[in-house]
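# Structure assessment
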Amino acid sequence: MAMLFMLLYRLPEAFLLKMVNPFLLDPHHAGGLALSTESVGLVYGTIGVAALTVGGILGGIAASRWGLKKSLWPMAMSLTLPCLSFVFLAMYQPENIVVIGGCVALDQFGYGFGFTAYMLYLMCFSEGEYKTAHYSLCTAFMAMSMMLPGMVAGYLQESIGYTNFFIFVMVCCIVTVLVTLTVKVDPEYGRK
């Protein structure tokens, strides 16, 4: 069950992250937002990274106060629900850079906040005599969890279009919920 959690908790983001840049750059007739490279750098490379960082910091603070068990569900929801912002962007294709930047920031903040639970779970699972070796294996699963969906994301998007692709990403959120249901952790783990 732990390996399933490691492989599937970030499934929606694994698909989404591979297609964000093409979506932001592709022309409107292809379903994208037709942003310039400079605008993508601002929206995703600056605003997105700042929101991701703030989300991660606040996730760490929340986990230290609540512990992993209490923070797991809010973090899982913050990882999944902001993916809706890309459904909105694909359906309406706004041209306002503030709206686009806000949607990207929301998604990246949620990802940063939700990823905290994932990292804490990896550390918790690795506890024991061979902590370093176990954590190394866990990070290998972490990399595989992003690589495998990313390998098919482009093919999938080309066959169903951006709007349907982002709806599919939302359907993948069900998987995150299901694997989060299986996790068993010490209620005090992660709490200061």
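Residues numbered from 1 in each chain as written. Predicted model: local features only at pLDDT ≥ 70, side-chain atom pairs only at ≥ 80, totals over all residues. Heavy atoms only, no water.

## Comments concerning the packing of aromatic side chains
Any two aromatic rings considered together are summarised by their centre-to-centre distance and by the angle between their planes. Here is the rule: Only the six-membered ring of Trp is used, alongside the rings of Phe and Tyr, when aromatic pairs are assigned; centres must lie within 6.5 Å, and planes under 30 degrees apart are stacked while those over 60 apart are edge-to-face, with the rest tilted. Helix and strand definitions follow DSSP, with helices as H or I runs of at least four residues and strands as E runs of at least two, each counted in order from the N terminus. In this scheme, a residue with accessible area under 20% of its type's maximum is buried, one over 50% is exposed, and one in between is partly exposed, where area comes from a 1.4 Å probe on protein chains only. Only when the NZ atom of a Lys or the CZ atom of an Arg is both within 6 Å of the ring centre and within 35 degrees of the ring normal do we say a charge sits over the ring.
Scanning all chains against the criterion turns up 17 aromatic pairs. Plain terms: the ring middles of Phe5 and Tyr121 are 4.7 Å apart, the flat faces sit at 65° to each other, and that makes the pair edge-to-face. With a gap of 116 residues between them, Phe5 in helix α1 (residues 2–8) and Tyr121 in helix α5 (residues 97–126) connect regions that are remote in the sequence. Measuring from centroid to centroid gives 5.4 Å for Phe165 and Phe166, while their planes differ by 70°, and the two rings are edge-to-face. Phe166 gets classed as buried once you look at its relative accessible area, which sits at 1%. Following the ring pairs from residue to residue traces out a cluster consisting of Phe5, Tyr9, Tyr111, Phe115, Tyr118, Tyr121 and Phe125. Positioned over the ring face of Tyr118 is Arg10, at 5.0 Å from the centre of the ring.

## Some words on α5
What counts is decided by this rule: To estimate how far a helix should extend, the number of its residues minus one is multiplied by 1.5 Å. Whenever two N or O atoms come within 3.5 Å, that pair is a polar contact, provided that in protein one can donate a hydrogen and the other can accept it, and provided that, for residues adjacent in sequence, both atoms are side-chain atoms.
Counted at 1.5 Å a residue, the expected span for α5 with its 30 residues is 44 Å, and the 43 Å between its end C-alpha atoms agrees. A distance of 2.8 Å separates the backbone nitrogen of Val98 from a side-chain oxygen at the start of α5, and that oxygen is part of Asn96. Once α5 ends, the next one or two residues include Gly128, with phi positive near 135°.

## So, the state of the cysteines
Inclusion rule: Here, the term disulfide refers to a pair of cysteine sulfur atoms separated by no more than 2.5 Å.
Inspection of the entire model under this criterion finds zero disulfides. You can see Cys172 has no disulfide; the closest cysteine sulfur is in Cys173, sitting 7.3 Å from it.

## Concerning unusual backbone geometry
Of note, the phi angle at Ala34 is positive, near 55°, even though the residue is not glycine. Within the secondary structure, Ala34 is located in the loop between α2 (11–25) and α3 (37–80). Residue Ala34 is classed as partly exposed on the basis of its relative accessible area of 38%.

## With respect to a nonpolar patch on the surface
Note the threshold: Each patch is built from residues lacking any salt bridge and having more than 30% relative accessible area; the joining distance is 9 Å for like charges and 5 Å for nonpolar side chains (Val, Leu, Ile, Met, Phe, Trp, Tyr). Methods summary: accessible areas were calculated by the Shrake-Rupley approach with a probe of 1.4 Å, and residue burial reflects only the protein chains presented. Salt bridges, as used here, are contacts in which a Lys or Arg side-chain nitrogen is within 4 Å of a carboxyl oxygen on Asp or Glu.
Among the surface-exposed residues, Trp73, Ile167, Val171, Ile174, Leu178 and Leu181 lie close enough to one another that they form a single nonpolar patch of about 550 Å² accessible area. Sort the elements by how many residues they give to the nonpolar patch and helix α6 (residues 131–181) lands first, with five residues. By relative accessible area, Val171 is classed as partly exposed at 46%.

## Points about the packing of helix α4 (residues 84–92) against α5
This is how the line gets drawn: Axis lines are fitted to C-alpha atoms, over the contacting stretch for helices. Their N-to-C directions set the angle, which ranges from 0 to 180 degrees. For classification purposes, an angle smaller than 35 degrees is called roughly parallel, one larger than 145 roughly antiparallel, one from 65 to 115 roughly perpendicular, and anything else oblique. A crossing counts as left-handed when the near helix is turned anticlockwise from the far one by less than a right angle, and as right-handed when that turn is clockwise. Two residues form a contact once any of their heavy atoms are found within 4.5 Å. Gly is placed with the polar residues, together with every amino acid not listed as nonpolar (Ala, Val, Leu, Ile, Met, Phe, Trp, Tyr, Cys and Pro) or charged (Asp, Glu, Lys and Arg).
It is the contact of α4 with α5, at a shortest axis distance of 8 Å, that shows an interaxial angle of 155°. The angle between α4 and α5 places the two elements in the roughly antiparallel class. In terms of crossing hand, the pair formed by α4 and α5 is left-handed. Across the interface between the two elements, Ser85, Phe86, Phe88 and Leu89 of α4 pack against Val99, Ile100, Cys103, Val104, Leu106 and Asp107 of α5. For the contact of α4 with α5, the class distribution of residues is eight nonpolar, one polar and one charged.

## Brief notes about the nonpolar core
The condition is simple: Buried Ala, Val, Leu, Ile, Met, Phe, Trp, Tyr and Cys residues form a nonpolar core when they are joined through side-chain atoms within 4.5 Å.
Counting residues in hydrophobic clusters, the biggest one holds 28 residues, and the most contacted among them are Phe23, Leu24, Phe86, Ile100 and Phe166. Secondary structure elements with two or more residues in this core: α2, α3, α4, α5 and α6. Here this core takes eight residues from α6, the largest share from any one element. If near-sequence neighbours (up to four positions away) are discounted, Phe86 is found in contact with Leu16, Val20, Phe23, Val104, Asp107 and Phe166.

## A closer look at the confidence of the model for the protein chain
What counts is decided by this rule: pLDDT measures how confident the predictor is about each residue, on a scale from 0 to 100.
Across the protein chain, the average pLDDT comes to 93, with 100% of residues at or above 70. Confidence, expressed as mean pLDDT per element, reaches its minimum in the protein chain at α1 with 91 and its maximum at α4 with 96.

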